[in-house]
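Residue-level listing of the chains:
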Amino acid sequence: MTDYELIDFSPIVALADDEVITHSIVRDVRLASGKVLALITLDNGRDHNRPNTLGPATLTELGETLSTLKARAAAGEIQAVGITGKQYILAAGADLSDISKVGSTDQALLIAQLGHKVIGSLSELGVPSFAFVNGLALGGGLEIALNSTYRTVDASAAAIALPEVFLGLIPGWGGAYLLPNLIGIENALEVVISNPLKQNRVLRPQQAFDLGIFDAIFPASTYLEKSLAWADAVLGGKKVERKNEPGKIERLTKWPIAIKMARGMLESKIGTVPKSPYAALELLDKAKSGTKAEGFAREDAALAELVTGDQFAASMYAFDLVQKRAKRPVGAPDKALAKKVTKVGIIGAGLMASQFALLFVRKLQVPVLITDIDQARVDKGVSYIHEEIGKLEAKGRLDSDSANKLRGLIHGTVDKSEYADCDFVIEAVFEEIGVKQTVFGEIEKFIADDAILATNTSSLSVEEIGEKLAHPERLVGFHFFNPVAVMPLIEIVKTPATNEQTLATAFVVSRGLGKNGVLTADAPGFVVNRLLAKVMGEAARAVYEGTPIVDVEKAFGPLGLPMGPFQLIDLVGWKVAAHVQDTMVRHFPERFYANENFHALAELDKVVEKDKGGRITGWTKAAEKALKGAVGSSPASADTILRRVQDGLAQEIKLMLDEGVVPEVEDIDLCLILGAGWPFIDGGASPYLDREGAAERVFGGTFHTPPIRGIAHS
């Protein structure tokens, strides 16, 4: 087994010359029993906006601290060691900027081994160690707790998670071995694999405690005091029960079955392209037997391989886009120019409009007005919003006072004069130019000259929608993605007439809603729908050539999208998909595919058959009947279909950049990641298309110079 004490870690410590070091500050705490606990507080000296992270210099200092405490324990000076964090934060895991600097497989291996050497020593101090998780604990932060003998958690901690798989990695500092041996294989699969793949879902402290990750949970007001008293009791002989710790029978029977089911789930949901989920699955499988040292050695090897691969390089590019570029939108005017929004109007009271109303009232906490063509529709919309607020209250996400306040801020009417004092009005009506022009024309008569008008159109010309307005400069595209509450992107569409105040207000409102606004020009389909229309059009082309629908879905697997093209069409709605395809073909007939027969399919109640996992298994009988005579007899191969969509996407992205739809390719990738769930491991679309040779085939170059590749391929 690896002897971490004999390894020279200086090559990676040298990489960390600009690391924000999280220091290990020690003080002795005399417990009520008279025993002494040496308490380490991790603190990088910054506020909560800069979480503690675990870079090479931080780990080296922590290792020296723990070595000193081990000597003190041997001398009988201390009876326990505790580790906690600065206010609200234990640690947000490894310093990813340092990991992305590694220049060789050997250096990548050292990153894994240094974490194991230092954090692993928490269980080898000669006295019990206690992790007091007082706040955010992600990745390596949670692994600090897992390597400790005992763990408590603050009930108000922001988030508990092992998000590594989301970033193309694995929990490589003990998590993949220790967690399943603490809480059982099924729970560990949820935390290590399922949650990261569900938009990086995190655990709340109570959930983590219920799973058995923590031995005790205490309220924030008395957290450290109660944790220390609990630790004292444990040192005095208090028994700690761990009900989810796996026994012999689970290891022999449940474990292999759970792994097999998880593998099947992964293959059906994400295909076999992403490497990290399968690497994590392999580690979790092997954790059922063998020693901890063997488990750590396996983690070292797996982490080193992933860190040097293309998928991690693309993930770091995507991570940087989401963490930095999304928070400083390119082209956004000075927020000081924005109009203050004290009341919001929503035109429409259907499902989309009601979802808007719920989001605006929850996030902005201002009066929200909805209207429709008759009172019955208005009442139905208001009722839906009240019901959704009630659900949030029942789940404990809103207290009764807050819920009642939100209900009081929602008002429905058919009287458009009530829009007079609205600062921001957004439409959610039928996707047709004439309808949108009409409703805006009616509302404009009542609102102030500088009130903002926003359209949620997904593919129509915003400029054309505003042609009949008295003040077209106050109109902006404000395109949400479904589901409205979940998807983080808003495409903010500027027309030649849109003024700076309108644009600034749109960006400020977007941020207030907890969304990321990306500026786009007023071009057909903007960014996301233009590229998804290319994906869906190529899928439709293959079907109408005669390719079975299941084969078409499989052919798109290497793209790594969260779902196949027809699964996506079924989610957004066949009528919507047909409309978007028609729009794109009308503008770019030589590059986009549509088929009149698609509209016949869109009229059906049910078009496709799906299995329990949501995968397409075939057409319904009604769809087969509708397709009869429209489908050819020249099926395309999987390779042909994939190459056509790769080249089509590369061509479209290059044209969008040439046309100035967005300033840079990074904005296209950001839109795809935030608005279409394009995977981090692809880095959006452009790094993937460079890697696959599509950019070279289409325009003889690459989107990135040099292409974004892992160390192993550079």
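For the structure itself, look to the data block above.
For clarity, every value in this text was computed on a predicted model and none was experimentally measured.

### Concerning the overall build of the chain
Link 1 in the chain: Scanning the chain for helices and strands turns up 29 helices and 19 strands.
Link 2 in the chain: Against the compact-globule benchmark of 27 Å for 714 residues, the chain has a radius of gyration of 28 Å, which places it among compact chains.
Link 3 in the chain: When its C-alpha atoms are laid out on the principal axes, the chain stretches across 85 × 60 × 50 Å.
Link 4 in the chain: A burial count over the chain gives 55% of its 714 residues as buried.

### Side note on the side chain of Asp372
Link 1 in the chain: Here Asp372 is to be found in the loop between β11 (368-371) and α15 (375-394).
Link 2 in the chain: Of the side chains with opposite charge, Arg377 comes closest to the buried, unpaired Asp372, at an N-O distance of 4.4 Å.
Link 3 in the chain: Within the structure, the side chain of Asp372 is placed 2.9 Å from the backbone nitrogen of Ala349, a separation counted as a polar contact.
Link 4 in the chain: In this structure Asp372 touches Gly348, Ala349, Gly350, Arg377, Val378, Thr413 and Val414, once residues within four positions along its chain are discounted.

### Re the packing of aromatic side chains
Link 1 in the chain: All told, the structure shown has 17 aromatic pairs when counted by the stated rule.
Link 2 in the chain: Between Phe130 and Phe132, the ring centres sit 6.2 Å apart and the planes meet at 25 degrees, which makes this aromatic pair stacked.
Link 3 in the chain: For Phe132, a relative accessible area of 0% gives the class buried.
Link 4 in the chain: Seen from their ring centres, Phe166 and Phe680 are 4.4 Å apart, and the 40 degrees between their planes marks the pair as tilted. Taken as a pair, Phe166 in the loop between β8 (160-161) and α6 (175-183) and Phe680 in the loop between α27 (665-676) and α28 (686-691) lie far apart in primary sequence, 514 residues in all.

### Considering a positive patch on the surface
Link 1 in the chain: There is a patch of like positive charges on the surface, built from Arg204, Lys363, Lys395 and Arg397.
Link 2 in the chain: Relative to the elements of secondary structure, Lys363 occurs in helix α14 (residues 351-364).

### Re the environment of Phe132
Link 1 in the chain: Among the structural elements, Phe132 can be located in strand β5 (residues 129-133).
Link 2 in the chain: In sequence terms Phe132 and Tyr593 are 461 residues apart; their C-alpha atoms lie 58 Å from each other.
Link 3 in the chain: For Phe132, the contacting residues outside a window of four places in its chain are Leu37, Leu39, Gly82, Ile83, Thr84, Thr152, Tyr223, Leu224, Ser227, Leu228 and Ala231.

### Quick word on the sheet that holds strand β9 (residues 216-218)
In any sheet, the strands associate via hydrogen bonds between backbone groups, in a parallel or an antiparallel arrangement.
Link 1 in the chain: Pairing is mixed across the open sheet formed by 6 strands, whose spatial order is β1-β2-β3-β5-β7-β9. The open sheet terminates on both sides in strands that have one partner only, identified here as β1 (23-30) and β9. For this sheet the average axis-to-axis angle between neighbouring strands, irrespective of direction, equals 20 degrees.
Link 2 in the chain: Helix-sheet contacts for helix α9 (residues 223-235) involve β1, β2 (36-43), β3 (80-85), β5, β7 (150-154) and β9, and the interaxial angle to β5 is about 160 degrees.

### Regarding a nonpolar patch on the surface
Link 1 in the chain: A cluster of nonpolar side chains, namely Leu571, Val572 and Val576, defines an oily patch on the protein surface of about 270 Å² accessible area.
Link 2 in the chain: Tracing the chain through its elements places Val576 in helix α23 (residues 574-587).
Link 3 in the chain: Judged by relative accessible area, which is 44%, Val576 ranks as partly exposed.

### Here we look at the pattern of salt bridges
Link 1 in the chain: Scanning the model with the defined rule gives 36 salt bridges in all.
Link 2 in the chain: Residues Glu664 and Arg325 are paired through a salt bridge, measuring 2.6 Å at the closest nitrogen-oxygen approach. Separated by 339 residues along the polypeptide, Glu664 in the loop between α26 (638-659) and α27 and Arg325 in the loop between α13 (310-323) and β10 (344-347) bring together distant segments of the chain.
Link 3 in the chain: Note on Glu664: relative accessible area 39%, which makes it partly exposed.
Link 4 in the chain: In this structure, Asp647 engages Arg697 in a salt bridge whose closest nitrogen and oxygen atoms are separated by 2.8 Å. Residue Asp647 is found in helix α26, and its partner Arg697 is found in helix α29 (residues 694-699); the two are separated by 50 residues along the sequence.

### Things to note about the sheet that holds strand β6 (residues 136-138)
Link 1 in the chain: The parallel open sheet is built from 3 strands, whose spatial order is β4-β6-β8. Taken across any chain shown, the strands that pair with only one partner, and hence form the sheet edges, are β4 (89-91) and β8.
Link 2 in the chain: Looking at chain direction, β6 and β8 are connected through 2 bridges and run parallel. Within β8, the residue paired with Leu138 across the bridge is Ala161.
Link 3 in the chain: This element, helix α5 (residues 140-147), spans β4, β6 and β8 of the sheet and lies at about 90 degrees to β6.

### Details of the pairing of β1
Link 1 in the chain: Note: β1 against β2, 8 bridges, orientation antiparallel. Note on β2: the bridge partner recorded for Ile25 is Thr41.

### A word on the pairing of β7
Link 1 in the chain: Burial of β7 is extensive: 5 of the 5 residues sit out of reach of the surface.
Link 2 in the chain: Both faces of β7 are covered, namely the face carrying Tyr150, Thr152 and Asp154 and the face carrying Arg151 and Val153.
Link 3 in the chain: Two elements, β5 and β7, share 4 bridges in a ladder whose sense is parallel. Counterpart to Val133 in the pairing with β7 is Val153.
Link 4 in the chain: Here β7 runs beside β9; their pairing, made up of 3 bridges, is parallel. When the bridges of β9 are listed, Thr152 appears paired with Ala216.

### Some thoughts on the nonpolar core
Link 1 in the chain: Residues Ile160, Ile213, Phe566, Trp574 and Trp619 are the most contacted members of the largest nonpolar core, which totals 155 residues.
Link 2 in the chain: Examining the composition of this core, we find that 10 residues originate from one element, helix α20 (residues 528-545), more than from any other.
Link 3 in the chain: In this view, Ile160 contacts Val133, Gly135, Ala137, Leu138, Leu142, Val153, Val202, Leu203, Pro205, Ala208 and Phe214; residues no more than four positions away in its chain are not counted.

### Some points on the packing of helix α4 (residues 105-120) against helix α12 (residues 292-307)
Link 1 in the chain: At their nearest, the axes of α4 and α12 sit 8 Å apart, and the two run at 145 degrees to each other. In this structure, the crossing between α4 and α12 has a hand that is right-handed. Residues Thr105, Ala108, Leu109, Ala112, Gln113, His116 and Gly120 of α4 form the contact with α12, whose participating residues are Phe296, Glu299, Asp300, Ala301, Leu303, Ala304 and Val307.
Link 2 in the chain: Split by residue class, the contact of α4 with α12 holds 8 nonpolar, 4 polar and 2 charged.

### As for the packing of α20 against α23
Link 1 in the chain: Interhelical geometry of α20 versus α23 gives an angle of 100 degrees and a closest axis separation of 10 Å. As summarised for this structure, α20 and α23 are arranged roughly perpendicular, according to the angle between their axes. Judged by residue contacts, Asn529, Arg530, Ala533, Met536 and Gly537 of α20 engage Val580, Gln581 and Met584 from α23.

### Quick look at the environment of Val508
Link 1 in the chain: Turning to its location among the elements, Val508 is positioned in helix α19 (residues 500-512).
Link 2 in the chain: Put simply, Val508 and Gly139 are 369 residues apart on the chain and 32 Å apart in space, counted from C-alpha to C-alpha.
Link 3 in the chain: Excluding its chain neighbours within four sequence positions, the residues that come into contact with Val508 are Lys335 and Ala338.

What counts, and at which threshold
Residues numbered from 1 in each chain as written. Predicted model: local features only at pLDDT ≥ 70, side-chain atom pairs only at ≥ 80, totals over all residues. Heavy atoms only, no water. Helix = DSSP H or I, 4+ residues; strand = E, 2+ residues; numbered from the N terminus. Rg over C-alpha atoms; globule rule 2.2 N^0.38 Å. Buried < 20%, exposed > 50% of the residue type's maximum accessible area, 1.4 Å probe, protein only. Lys, Arg positive; Asp, Glu negative; His and termini not counted. Salt bridge = Lys/Arg side-chain N within 4 Å of Asp/Glu carboxyl O. Polar contact = N/O pair within 3.5 Å; in protein donor to acceptor, adjacent residues only side chain to side chain. Contact = heavy atoms within 4.5 Å. Phe/Tyr/Trp six-rings, centres within 6.5 Å; stacked < 30°, edge-to-face > 60°. Patch = residues over 30% accessible without salt bridge, like charges linked within 9 Å, V, L, I, M, F, W, Y side chains within 5 Å. Areas by Shrake-Rupley, 256 points an atom, 1.4 Å probe, with all protein chains shown as cover. Charge placed at Lys NZ, Arg CZ, Asp CG, Glu CD. Pairing = 2+ DSSP bridges. Axes fitted to C-alpha atoms, helices over the stretch in contact; angles between N-to-C directions. Core = buried A, V, L, I, M, F, W, Y, C linked by side-chain atoms within 4.5 Å. Left-handed = near helix turned anticlockwise from the far one by under 90°. Nonpolar A, V, L, I, M, F, W, Y, C, P; charged D, E, K, R; others polar. Parallel < 35°, antiparallel > 145°, perpendicular 65-115°, else oblique.

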